[in-house]
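# An overview of the molecular structure
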Amino acid sequence: MNDQSPSSSEFLKIDCARELDTVSIGIRNALRRKLHKRGLVVGISGGIDSSVTAALCVQAVGRDRVIGLQMPERHSAEETLSLSTVLAEYLRIRQVLIDITPILEAVRYYEMYDDAVRVSVPGYAQDWKSKIVVTDIHEAGAYTLFAVVAESPDGRLVRGRLGLDSYLAIVAATNFKQRIRKMLEYYHADLHNYAVAGTPNRLEYDQGFFVKQGDGAADIKPIAHLYKTQVYQLARHLGLPQAIIDRPPTADTYSLPQGQDEFFFSVPYEIMDICLYGKNHGLSAEDISGHTGLPPVRINAIYRDIERKRAATQYLHLAPMLIKEVPEIAHVR
Amino acid sequence: MNHEAEIRKFIVEKFLFGEETELGSNTPLLETGIIDSTGVLELIEHVEKHYAIKVNDDELVAENLDSIGNICTFLNRKIAKDSVGPGHHE
């Protein structure tokens, strides 16, 4: 099966059957030789990345050794629960559903988030919806700016730039969600002597679009080497339900629908994929201009932003820093 | 304290833990990793409070903020234009 996505470039095409073998062997080897665990827990959101990751885990170890954890909360999109259920039923894996709203209420997440938004959008209340967006970070010379976009119950949209304190308060609060979900994944992994499979694709992994000790935590990350376009190719090859493939990518973190390109990448994933590939393979901005529909000057700005994000998010990949190496376990680190 | 000395002091204390290495007036702050996107917000907050000015969205560009020299040029222009006065800077 091949990928018919109109913007999918030839150089991102993969041999899906071969890739399935590679990932399956990699997962089994990791479980057997390094992790010494009997199966895998995957947090499933009904999005493409977690769906493909769960399907790959099933391919690798069989459906009886995979648990799909559904962890919606008050602000989750409706499709998060419905599509993750569709996936679990399609794969015939064990489903565990935990609504994390009461946990988030207990840590005062909703209050803290609303208070932080109210600094930029006076009048913001619980019955409003909101999301965080970035300005166009690839315009020449412009800095990344974060803004909150809020929608009142009567549909009025208000936008306000986030200052330092409210930005940090929103990041700290929303990171709770990812860390609570990961805590529950590890609980269920411990319960069954399983490992936790993380779901970042290459764009997210490379550019640091994850929460440290949150969705960034895992024992194995089966699709971290695959560009998002390639994840879609695998989804089609695996025959995953079309509704999952058709769902627009979303961070599913805020109450208003939000694409990753609004929050982090600033251009759609198809374009980011090609730019990241081009940068990784030494292609010039002129080389890939025709594949992206963007002028070379814009691609060079994206290339610079890729470098900046790598540098800025390097700490997310780091294991805890030691002042002196402990040689007896240096081979593990 | 003039603007350059004050901004340098802020950057050295806030981002370099007091260790002033080779921080020239034209050293690019973002490219050299001295500040990142959160650091930009810290810098904006500092200049807005210290100089009693409001930095507009369209002013948040490297030309205005990416070196000590650029920041000082921006501040001089901004303070003169806004005529808000120098605030409480020393």
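Residues numbered from 1 in each chain as written. Chains lettered and ligands numbered in written order. Predicted model: local features only at pLDDT ≥ 70, side-chain atom pairs only at ≥ 80, totals over all residues.

### With respect to unusual backbone geometry
All names here are of chain A. Heads up, the condition is: Helix and strand labels come from DSSP, where a helix needs a run of H or I of at least four residues and a strand needs a run of E of at least two; each type is numbered from the N terminus. Here a residue counts as buried when 20 or more other C-beta atoms fall within 10 Å of its C-beta, as exposed when 12 or fewer do, and as partly exposed in between; the C-beta atoms come from the backbone.
At Arg-108, a residue that is not glycine, the phi angle is positive and equals roughly 65°. Along the chain, Arg-108 turns up in the loop between α4 (101–106) and α5 (109–120). Judged by the 12 C-beta atoms lying within 10 Å of it, Arg-108 falls in the exposed class. One non-glycine residue, Gln-213, lies in positive phi territory at about 65°. The topology assignment puts Gln-213 in the loop between α7 (202–207) and α8 (228–238).

### Let's talk about the confidence of the model for chain B
Applied cut-off: You can read pLDDT as the predictor saying how much it trusts each residue, on a scale of 0 to 100.
The predicted model of chain B has a mean per-residue pLDDT of 86, with 90% of residues at 70 or higher. The complex model carries a pTM of 0.88, and its ipTM stands at 0.80.

### Some words on the sheet that holds strand β3 (residues 94–97) of chain A
All names here are of chain A. The condition that has to hold: A pair of strands is labelled paired if DSSP reports no fewer than 2 bridges between them. Axis lines are fitted to C-alpha atoms, over the contacting stretch for helices. Their N-to-C directions set the angle, which ranges from 0 to 180 degrees.
The strand order β3-β2-β1-β7 describes an open sheet built from 4 strands, whose pairing is parallel. Lying at the two open borders of the sheet, with one neighbouring strand each, are β3 and β7 (195–197). Geometrically, the sheet is characterised by an average inter-axis angle of 30° between neighbouring strands, direction not taken into account. Note that strand β2 (residues 66–70) and β3 share 4 bridges and pair parallel. The partner of Ile-67 across the bridge, within β3, is Arg-94.

### A closer look at the pairing of strand β6 (residues 157–161) of chain A
Residues and elements named next belong to chain A. With 5 bridges connecting them, strand β5 (residues 146–151) and β6 associate as antiparallel partners. Along β6, the bridge assignment pairs Val-148 with Gly-160. Hairpin geometry of β5 and β6 is characterised by an intervening segment of 5 residues between the two adjacent antiparallel strands and by a positive phi of about 90° at Gly-155.

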